[in-house]
Amino acid sequence: SSITLVKYNGQGSPAAADDYTMYIDEENLKTFCPEAQRFVIAHEISHYIHKDHSFESALNNLIDLRSKTQKRCIHSFARSTELRADINAMLKGPEYTKGGIAFFQELIY
């Protein structure tokens, strides 16, 4: 299986991924240091590997949009996939851990 790279305007996000494609906002990604850039790509690859987009889409199709409880569950699931992707990326090695820290610092400041 291969992944397609596509340029896009992330409107704040330097990259994103679905089950077949990684979307890169090159201008946004270039604002981060090289270590943070590697972390971002590793984070998105984790989403790609685990097919998070499909799972989240399937859950969204199953919920009752009127139910606040179900919406909270979807939000919790989405947040957990973000945390897992962060952890997976940082565990790739010390340079990715440094990149993750740099990425979060650059987002905050």
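Everything below is about the structure printed above this text.
This is a predicted model, so every value here is computed, not measured.

Caption draft 1: Looking closely at the nonpolar core. Among the nonpolar cores identified, the biggest contains 13 residues, and Ile 24, Ala 36, Phe 39, Val 40 and Phe 103 are the most heavily contacted of them. Broken down by secondary-structure element, the contributors of at least two residues to this core are β3 (21-24), α2 (34-50) and α5 (94-108). At 4 residues, the largest contribution of residues to this core is made by α2. Filtering out sequence-adjacent residues up to four positions away, Val 40 remains in contact with Pro 14, Ala 15, Leu 29 and Phe 103.

Caption draft 2: Expanded view of helix α4 (residues 68-90). Between its first and last C-alpha, α4 extends 33 Å over 23 residues, near the 33 Å set by a 1.5 Å rise per residue. Residues of α4 that are buried include every one of Ile 74, Ala 78, Thr 81, Ala 85, Asp 86 and Ala 89, and no others. Considering only its buried residues, α4 is in contact with α2, α3 (52-62) and α5.

Caption draft 3: Just the packing of α3 against α4, in detail. Running from amino to carboxyl end, α3 crosses α4 at an angle of 175°, the nearest separation of the two axes being 10 Å. Taken as axis vectors, α3 and α4 run roughly antiparallel relative to one another. Residues Asp 52, Phe 55, Glu 56, Leu 59 and Asn 60 of α3 form the contact with α4, whose own contacting residues are Ile 74, Phe 77, Ala 78, Thr 81 and Arg 84. The residue inventory of the contact of α3 with α4, partitioned by class, reads 5 nonpolar, 2 polar and 3 charged.

Caption draft 4: Broad picture of the side chain of Thr 21. Following the sequence through the fold, Thr 21 ends up in strand β3. The contact partners of Thr 21, leaving out residues within four places of it in the chain, are Ile 3, Thr 4, Val 6 and Ala 16.

Caption draft 5: Layout of the sheet that holds strand β1 (residues 4-7). The strand order across the open sheet built from 3 strands is β1-β3-β2, with neighbouring strands paired in mixed fashion. Two strands close off the open sheet at either side, each with one partner strand: β1 and β2 (15-17). Direction aside, neighbouring strands of the sheet carry axes that sit 20° apart on average. Looking at chain direction, β2 and β3 are connected through 3 bridges and run antiparallel. When the sheet's bridge partners are listed, Ala 16 is paired in β3 with Tyr 23. Against the sheet, α2 engages β2 and β3, with an angle of about 15° to β2.

Caption draft 6: Region of interest: unusual backbone geometry. Although it is not a glycine, Lys 51 adopts a positive phi angle of roughly 55°. Among the structural elements, Lys 51 can be located in the loop between α2 and α3.

Caption draft 7: Region of interest: the packing of α2 against α5. Contact geometry of α2 with α5 gives a least axis separation of 7 Å together with a crossing angle of 100°. Between α2 and α5, the interaxial angle falls into the category roughly perpendicular. Counted together, Glu 35, Ala 36, Arg 38, Phe 39, Val 40 and Ala 42 of α2 and Glu 95, Tyr 96, Gly 99, Gly 100, Ala 102, Phe 103, Phe 104 and Glu 106 of α5 form the full contact between these two elements.

Caption draft 8: Geometry of α2. With 17 residues, α2 extends 25 Å from end C-alpha to end C-alpha; this agrees with the ideal 24 Å at 1.5 Å per step. Among all positions of α2, only Ala 36, Phe 39, Val 40, Ala 42, His 43, Glu 44, Ser 46, His 47 and Tyr 48 are buried. The elements touched by buried residues of α2 are β2, β3, α1 (26-29), α3, α4 and α5. Taken from the residues just after α2, Lys 51 is the one with a positive phi, measuring 55°.

About the cut-offs
Residues numbered from 1 in each chain as written. Predicted model: local features only at pLDDT ≥ 70, side-chain atom pairs only at ≥ 80, totals over all residues. Heavy atoms only, no water. Core = buried A, V, L, I, M, F, W, Y, C linked by side-chain atoms within 4.5 Å. Buried < 20%, exposed > 50% of the residue type's maximum accessible area, 1.4 Å probe, protein only. Helix = DSSP H or I, 4+ residues; strand = E, 2+ residues; numbered from the N terminus. Contact = heavy atoms within 4.5 Å. Expected span 1.5 Å × (residues − 1). Axes fitted to C-alpha atoms, helices over the stretch in contact; angles between N-to-C directions. Parallel < 35°, antiparallel > 145°, perpendicular 65-115°, else oblique. Nonpolar A, V, L, I, M, F, W, Y, C, P; charged D, E, K, R; others polar. Pairing = 2+ DSSP bridges.

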